[in-house]
Amino acid sequence: MNQIDNEDIRRKESTLPPEGVTLEALRNNCLSPDDVTIRKSELERQARIAEAQGYEQLARNFRRAAELVAVPGDVLLETYDRLRPGRSRYVDLLAMAQEFAARYDAPETSAYIREAAETYRARGLIRE
Amino acid sequence: MYRSKRFARRAERPVNLDTFVAEDHSLGLKAMNGPADPSPTLVMQAGRIIEMDGTPEEQFDTIDRYIATHSIDRTIAVEAMATSSLKLARMLVDINVPRQDLLKLLGGCTPAKLCEIVGHLNVVEMMMAMQKMRARRTPGNQAHVTNWRENPVLMAADAAEAALRGFDELETTCRVARMAPFNALALLVGSQTGRGGVLTQCAVEEALNLRLGLKGLTTYAETLSVYGTDEALRDGDDTPWSKGFLASAYASRGIKIRFTSGTGAETLMGYEHGRSMLYLEARCLLLAKGAGAQGVQNGAISCVALTGALPEGVRAILAENLIAASIGLEVASGNDAMSSHSDMRKTAKLMLQFLPGTDFITSGYSSMPRRDNMFGGGNFDAEDLDDWMVIQRDMRVNAGIHPVTENEVLMVRRRAGEAMRAVFESFGFPSITEHEIEAAVEAYASDDMPERDLVADIKAAEDFLAGPSTALDVARALLDGGFDDIAANILSMQRVRISGDYLQPAAVLDANFGVKSAFSDRNDYEGPGTGYRLSGEEWERLRRIPQEQSAARLVPTPRRASQEPWLTEKGSATTGRDNEVVLGVGPAFGESLDNTLCGLNHREVISAIAEGVASRGLQLRVVRIGDSADLGIIGTRAASISGSGIGIGLQSKGTTVIQRKGLAPLNNLELFSQAPLLSRDAYRQIGVNAACFARGEPPMPVPVRVDNMARLRLIVHAMLMHKREIAAIDPSRPLQALEISP
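Parameters at a glance
Residues numbered from 1 in each chain as written. Chains lettered and ligands numbered in written order. Predicted model: local features only at pLDDT ≥ 70, side-chain atom pairs only at ≥ 80, totals over all residues. Heavy atoms only, no water. Helix = DSSP H or I, 4+ residues; strand = E, 2+ residues; numbered from the N terminus. Buried < 20%, exposed > 50% of the residue type's maximum accessible area, 1.4 Å probe, protein only. Areas by Shrake-Rupley, 256 points an atom, 1.4 Å probe, with all protein chains shown as cover. Lys, Arg positive; Asp, Glu negative; His and termini not counted. Charge placed at Lys NZ, Arg CZ, Asp CG, Glu CD. Contact = heavy atoms within 4.5 Å. Buried area = accessible area lost by both parts, 1.4 Å probe. Salt bridge = Lys/Arg side-chain N within 4 Å of Asp/Glu carboxyl O. Polar contact = N/O pair within 3.5 Å; in protein donor to acceptor, adjacent residues only side chain to side chain. Pairing = 2+ DSSP bridges. Patch = residues over 30% accessible without salt bridge, like charges linked within 9 Å, V, L, I, M, F, W, Y side chains within 5 Å. Domains from an automatic or database assignment. Nonpolar A, V, L, I, M, F, W, Y, C, P; charged D, E, K, R; others polar. Core = buried A, V, L, I, M, F, W, Y, C linked by side-chain atoms within 4.5 Å. Axes fitted to C-alpha atoms, helices over the stretch in contact; angles between N-to-C directions. Expected span 1.5 Å × (residues − 1). Disulfide = S-S within 2.5 Å. Arc of directions from axis to C-beta. pLDDT = per-residue confidence, 0-100. Phe/Tyr/Trp six-rings, centres within 6.5 Å; stacked < 30°, edge-to-face > 60°. Lys NZ or Arg CZ within 6 Å of the ring centre and 35° of its normal.

Some points on the overall build of chain B
Counting secondary structure elements, chain B contains 29 helices and 20 strands. Expressed as lengths along the three principal axes of its C-alpha atoms, the size of chain B is roughly 105 × 65 × 60 Å. Taken across its 742 residues, chain B has 60% of its residues classed as buried. A total accessible area of about 28200 Å² is found for chain B, and carbon and sulfur atoms account for 52% of it. With 79 positive and 92 negative side-chain charges, chain B shows a spacing of 6 Å between the two charge centroids.

Right under this line is the structure:
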């Protein structure tokens, strides 16, 4: 994901409402996996619910998750792997944070990765 | 050198197969309140935590940093830390302090502070606190469903049965990792056959886990393990940030997650730094909270035997459950891994979560026999289900498992097998035979299953994973196969992913796919009369265990219609001749009762006594004492009209007394109070003895079986028979002569 390409690899969201997910639609082959995938707006709504209930950390997690809806699965797994101890250099992490902000419009995730970069550098968790 | 045979016998008891180790905190062998645990401190500067639990910010390790940044609510931290731990402990137990207030206040506490607070509570207080602090109002449970042969038909059948039994979540794993797609598929199809809305997961490595979730085959994951020291966490190849990112990644795909932690893990890994297990667990829990986890499975989990080897280890396990609940996390409270060789010890430990209720009483009840449990053997398994349900009924407690009948189970297992066959056919997987389905319906364990071609199954499973098919295709295959209801359930499981309501704390789905979570089913316990009460339909359901019988069935009314009466009343009885012994029987004898408690027919009883009396040259005369069910009265009355002065009193349930005229009712010659133990031989000897008393000869001992369980087994029967005896009392017929037809 470090390579810069012009192709937009962001996941697209379905616009089918939940009521559209019926046996009839299934029978007629009108449903695709994207139609039964969580939407960014719903995760943002869950974040608001959690926040209103006093669950700050959970809300932050949902807000990051909302940002990650557009991120392809293999990128998620790669990012997880690169956040593991000793996998990335400090600058790699900063670049990754930058990319989440720029490509996926994911400021909270970006800040989270930047914070990891600082800690990893201080605590010897970066790849030299 | 003497050796006590009692010590020797006790040494063989299962509990003595358990290991008990002395505390030594330098080796990490300290469950809670460790001498090297830090004291709670918190220093803030300009909204930033600059000291926590005695450590200045410059010396924060990774976990400290994470907790200080993400976990502790800094708006309340100063107030919370300034409140005495004893006061906070009392607030946890105080029914007048609502859960919400405590969540807020405890959200500002450091790990050491949380440990100090629960350290003030004994286990009963912890249970009271748990009852109030658990997230969901309605307690729940999770089952493990695995089998060592990885037979998909059996797995689907087992999943269907577990879902039918009321488990909210089912977890499987694999022996062979490449079978994961099939196991997840079988769990999905089986679970939605048993009950719509059951959440499922397949515990495998994260990448595979996520792929299964993306295919819609699973709905949750609890593989996100965390540890309480940097070194242990690093051994697990993670940092707080990597785990936190993973949590968000799962949520971004609508997959519910919970973290996993538990006391003992850091000690086992060798990196506990002399800290107590509970202190390190408190760090784990705050880490999980900071990462935005909705919940955890904790309670020592796979380290339970290590924590449990220590003094107050089991208390520490409840303490960790309580800390988790008290900082707002859903708790799947362990009780899954083998905790003891002793059933008594296992059950005692279980009660700490079972009685107050947790979001999931076990984080995996082994729904199949131990041998098939691929999580390393379940603490409670298929064979313990009836015990579990009886205890729920005993205590009027919902611990998340429903009683079901054998027929319901057989039906749902068959349907799951047939549904799997339809899916396999549609996908072109190695076929499932009728023989296999039948075996899965009846199976005790996977040994009962015919062999499948594992190589072909693995190949098909891999292709399935690599291919484009998702749970939608599974639903369509079921629709084509005529399993509309199962298809609809699987489709609903997909539909609920769109909104992600089940990502909220402690969420489970009911049979209508309604979400029950900490928000929609908030635990509102505030003392007696509030919170979850097992009542209404749910209590009706849990109390009705299949073993329960009606009184009429336990002691059936004799069917007489087809039989000639063998006892005929012949008017009032009077005193007879010298050479007789009078047998007085109770009001119901031979009428509304016809057998004694041990199942001996009343006719047989009379004939045995008569034989005994006759063997000493005397005759037996039988009368009915119609106006009393009391054995003393029956015996006294019989003796009072006996020519020899010797009477025998016989209640219909078989309790017998030998009595002499003139003695007070309770001052008898011989009493045989344990009716269940009286055989035909015993009654014959009673006859002999009565005759001996009449002749002035010494009686012989009556043969009585020793059975300490007789009362336990038959007390209900005895009570019902006595009730019927009383119902037959007729004051107008105090003493009736009886004629016995041959």
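The rest of the description comes next.
Structural notes on the overall build of chain A
A tally of helices and strands in chain A yields 6 helices and 0 strands. Overall, chain A shows an N-to-C arrangement of helices and strands of α-α-α-α-α-α. By the burial criterion, 48% of the 128 residues in chain A qualify as buried. Taking the intrachain contacts of chain A between residues at least 6 apart in sequence as the baseline, contacts between residues at least 24 apart amount to 60%. Just so you have it, chain A exposes about 6100 Å², and 48% of that area is on carbon and sulfur atoms. Of the charged side chains in chain A, 20 are positive and 23 negative, and the gap between their average positions amounts to 4 Å.

Observations concerning the interface of chain B and chain A
Reports of interface size often rely on the accessible area that becomes lost once the parts have come together. Opposite the 62 residues of chain B that make contact, chain A presents 56 residues. Of the roughly 5000 Å² buried between chain B and chain A on both sides combined, carbon and sulfur atoms contribute 60%. Inspection of the chain B/chain A interface yields 4 salt bridges. Of the charged contacts in the structure, one is a salt bridge between B:Asp501 and A:Arg45, with a shortest N-O distance of 3.4 Å. At the boundary of chain B with chain A, the tally comes to 30 residue pairs in polar contact (both at pLDDT 80 or more). Every element with two or more residues in the side of chain B that touches chain A is listed here: α2 (62–71), α5 (99–106), α10 (206–214), α11 (230–235), α12 (240–252), α14 (277–290), α22 (471–480) and α23 (484–499) of chain B. Here the side of chain B that touches chain A takes 12 residues from α12(B), the largest share from any one element.

Looking at the side chain of B:Asn379
Residue and element names in this part refer to chain B. The topology assignment puts Asn379 in the loop between β11 (363–366) and α18 (385–395). One polar contact links the side chain of Asn379 to the main-chain amide nitrogen of Ser339, over a distance of 2.9 Å. Ignoring anything within four residues of it in the chain, the contact list for Asn379 reads Asn335, Asp336, Ala337, Met338, Ser339, Ser340, Lys346, Arg370 and Asp384.

Considering the sheet that holds strand β1 (residues 42–45) of chain B
Residues and elements named next belong to chain B. One open sheet accounts for 3 strands, arranged β1-β2-β3; its pairing is antiparallel. Strands at the two margins of the open sheet, each flanked by one partner only, are β1 and β3 (55–56). Here strand β2 (residues 48–52) pairs with β3 via 2 bridges, running antiparallel. Residue Met52 lies in a different strand from β3, and its bridge partner there is Thr55.

Quick word on a nonpolar patch on the surface
Residues and elements named next belong to chain B. A grouping of Ile715, Val716 and Met719 is seen on the molecular surface, where their side chains present a nonpolar patch of about 260 Å² in accessible area. In this structure, Met719 sits in helix α29 (residues 710–727). Given a relative accessible area of 42%, Met719 falls into the partly exposed group.

Let's talk about the domain arrangement of chain A
Residues and elements named next belong to chain A. If you check the domain split of chain A, you get domain 1 (19–69) and domain 2 (71–128). For the pair domain 1 and domain 2, the summed buried area comes to about 720 Å², and 47% of that belongs to carbon and sulfur atoms. By the criterion of area lost to domain 2, the three top residues of domain 1 are Arg64, Glu67 and Leu68, representing 78% of everything that side buries. Summed over the shared surface of domain 1 and domain 2, the result is 1 salt bridge. Here Arg63 makes a salt bridge to Glu108, at a shortest N to O gap of 2.9 Å. The interface formed by domain 1 and domain 2 includes 5 residue pairs in polar contact (both at pLDDT 80 or more). Considered class by class, the residues forming the side of domain 1 that touches domain 2 number 2 nonpolar, no polar and 4 charged.

Side note on the domain arrangement of chain B
For chain B, the assigned domains are domain 1 (1–133 + 219–356) and domain 2 (567–740). A straight line from the C-alpha centre of domain 1 of chain B to that of domain 2 of chain B covers 65 Å.

Quick word on the nonpolar core
Among the nonpolar cores identified, the biggest contains 125 residues, and A:Phe100, B:Phe245 and B:Phe259 are the most heavily contacted of them. Apart from residues lying up to four places away in sequence, B:Phe245 is in contact with A:Leu68, A:Leu76, A:Thr79, A:Tyr80, A:Leu83, A:Phe100, A:Thr109 and A:Tyr112. Listed in part, the 85 residues of the second largest apolar core include A:Val21, B:Met179, B:Met420 and B:Met449.

Re the pairing of strand β17 (residues 646–650) of chain B
Residues and elements named next belong to chain B. With 5 of its 5 residues buried, β17 lies for the most part within the structure. Side chains Ile646, Ile648 and Leu650 project from β17 onto one buried face, and the interleaved Gly647 and Gly649 project onto a second face that is buried too. Pairing of strand β15 (residues 580–585) with β17 involves 4 bridges; the strand directions are parallel. Each residue of the ladder has a partner; that of Val585, found in β17, is Leu650.

Structural notes on the sheet that holds strand β18 (residues 656–660) of chain B
All names here are of chain B. In spatial order, the strands read β14-β20-β16-β15-β17-β18-β19; together these 7 strands make up an open sheet with mixed pairing. What marks the edges here is a single partner per strand, and that holds for β14 (567–572) and β19 (670–672). For this sheet the average axis-to-axis angle between neighbouring strands, irrespective of direction, equals 30°. Across the sheet, helix α26 (residues 602–615) lies against β15, β16 (619–624), β17 and β20 (736–740), angled at about 145° from β16, the strand it touches most.

Remarks on helix α9 (residues 180–194) of chain B
A rise of 1.5 Å per residue sets the reference length of α9(B), with its 15 residues, at 21 Å; its end C-alpha atoms lie 21 Å apart and thus fit the reference within 8%. In terms of burial, α9(B) is a largely internal element, 15 of the 15 residues being buried.

What about the environment of B:Arg136?
Residues and elements named next belong to chain B. One can find Arg136 in the loop between α7 (123–133) and β4 (142–144). Judged by its relative accessible area of 1%, Arg136 is buried. Once the C-alpha coordinates of Arg136 and Arg522 are considered, the two residues, 386 residues apart in sequence, prove to be 5.4 Å apart. Excluding residues that lie within four positions of it along the chain, Arg136 makes contacts with Asp359, Phe360, Ala506, Val508, Lys516, Ser517, Asp521 and Asn523.

What about the state of the cysteines?
In total, this model carries 0 disulfides over all chains according to the counting rule given. B:Cys284 takes part in no disulfide bond, and the closest cysteine sulfur, belonging to B:Cys303, lies 11 Å away.

Observations regarding helix α2 (residues 40–52) of chain A
Here α2(A) is 13 residues long and its end C-alpha atoms lie 18 Å apart, about the 18 Å a rise of 1.5 Å per residue gives. Those residues of α2(A) lying buried are A:Glu42, A:Leu43, A:Gln46, A:Ala47 and A:Ala50. Each buried residue of α2(A) sits inside an arc of 145° when the element is viewed along its axis, so together they form one side. Projecting away from the buried face of α2(A) at angles above 90 degrees are the exposed residues A:Arg48 and A:Ala52. Buried residues belonging to α2(A) abut α3 (56–68) of chain A together with α12 and α23 of chain B. A:Gly54 occupies a position one or two residues after α2(A) and carries a positive phi of about 90°.

Things to note about the confidence of the model for chain B
Reading fine detail from the predicted coordinates is not recommended where pLDDT is low. Summing up the model confidence of chain B, the mean pLDDT is 96 and the portion of residues at 70 or higher is 99%. If you check the scores for this complex, the pTM reads 0.96 and the ipTM reads 0.96.

Quick look at the packing of aromatic side chains
By the definition in use, this model includes 17 aromatic pairs over all chains. Look at A:Phe100 and B:Phe245: their rings are 6.1 Å apart centre to centre, the planes differ by 80°, and that puts the pair in the edge-to-face class. Taken together, the positions of A:Phe100 in helix α5 (residues 90–104) and B:Phe245 in helix α12 put the pair across two chains. B:Phe245 gets classed as buried once you look at its relative accessible area, which sits at 1%. When the centroid spacing of 5.3 Å and the interplanar angle of 35° are considered together, the rings of B:Phe427 and B:Phe429 count as tilted. In terms of burial, B:Phe427 and B:Phe429 fall into one category: buried. Within the aromatic cluster, the residues linked to one another by ring pairs are B:Phe167, B:Phe354, B:Tyr365, B:Phe380 and B:Trp388. Over the ring of B:Phe360 we find B:Arg136; its NZ or CZ atom is 5.0 Å from the centre of that ring.

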